[in-house]
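# Summary of the model geometry
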Amino acid sequence: MADGAALRKTEAPNTELGEWDDGDDHAEIPPRRWLLGNTFCRGYVSSLIAPGGVGKTRTALQCAADAIDRVKDGAWFVTFAPISDPALLAGTILRALGVAAAHPDPLDALLAHLAEREALLILDNCEHVVEAAAGIVGAIRERCRLVTILATSREALRVEGERVYRLPPLEE
């Protein structure tokens, strides 16, 4: 998937999720269905956590594809994999959304753009910029109440209200 690609409804293979950790006991609810029901409530922040190569990106894209019709202003995929400077994250998200970053503060421009939108942002590969990603996600959560974020990482972002889902490692 290209960085900044708008997602469209597609058929995606079934990917079962492993454990989730939000402090509640949901053992009787099928994990994928529970994730879909709880991730795509407006303003939620969810993170898919697992070691590399487990399928975090694929699972996030599948969840987004399953919910695309419920997100009024669209779903956007942003990968942080090629980013080495955490200061570039807000501008990277703006470019993914198709917004020219003429503003001197990309984070302010991002928050202004998302302020009244109902959108889903998939932020992929947050692990190497986790502190900066957490700062941006926290700001979006605070000021853009209709934006839902699904992050993939090897560790949690540790932002207020984050729901963490741990995917099981691949069997050897």
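Presented here is a report on the structure given in the accompanying data block. (Residues numbered from 1 in each chain as written. Predicted model: local features only at pLDDT ≥ 70, side-chain atom pairs only at ≥ 80, totals over all residues. Heavy atoms only, no water.)

### Regarding the pairing of strand β2 (residues 45-49)
Remember that side chains alternate between the two faces of the sheet whenever the strand is regular. The buried count for β2 comes to 5 of 5 residues, which makes it a mostly enclosed element. Taking every second residue as pointing to the same face, both faces of β2 are buried, with V45, S47 and I49 on one and S46 and L48 on the other. One ladder, built from 5 bridges, connects β2 with strand β5 (residues 148-153); its direction is parallel. When the sheet's bridge partners are listed, S46 is paired in β5 with L150. The pairing of β2 with strand β6 (residues 162-166) spans 5 bridges and is parallel. Looking at β6, one finds that V45 is bridged to E162. (Buried < 20%, exposed > 50% of the residue type's maximum accessible area, 1.4 Å probe, protein only. Helix = DSSP H or I, 4+ residues; strand = E, 2+ residues; numbered from the N terminus. Pairing = 2+ DSSP bridges.)

### Describing the packing of helix α3 (residues 89-96) against helix α5 (residues 130-143)
Between α3 and α5, whose axes approach to 10 Å, the crossing angle comes to 60°. By the criterion of interaxial angle, the relationship of α3 to α5 is oblique. For the pair α3 and α5, the contacting residues are L89, A90 and I93 in the first and A132, A133 and I136 in the second. Considered class by class, the residues forming the contact of α3 with α5 number 6 nonpolar, no polar and no charged. (Axes fitted to C-alpha atoms, helices over the stretch in contact; angles between N-to-C directions. Parallel < 35°, antiparallel > 145°, perpendicular 65-115°, else oblique. Contact = heavy atoms within 4.5 Å. Nonpolar A, V, L, I, M, F, W, Y, C, P; charged D, E, K, R; others polar.)

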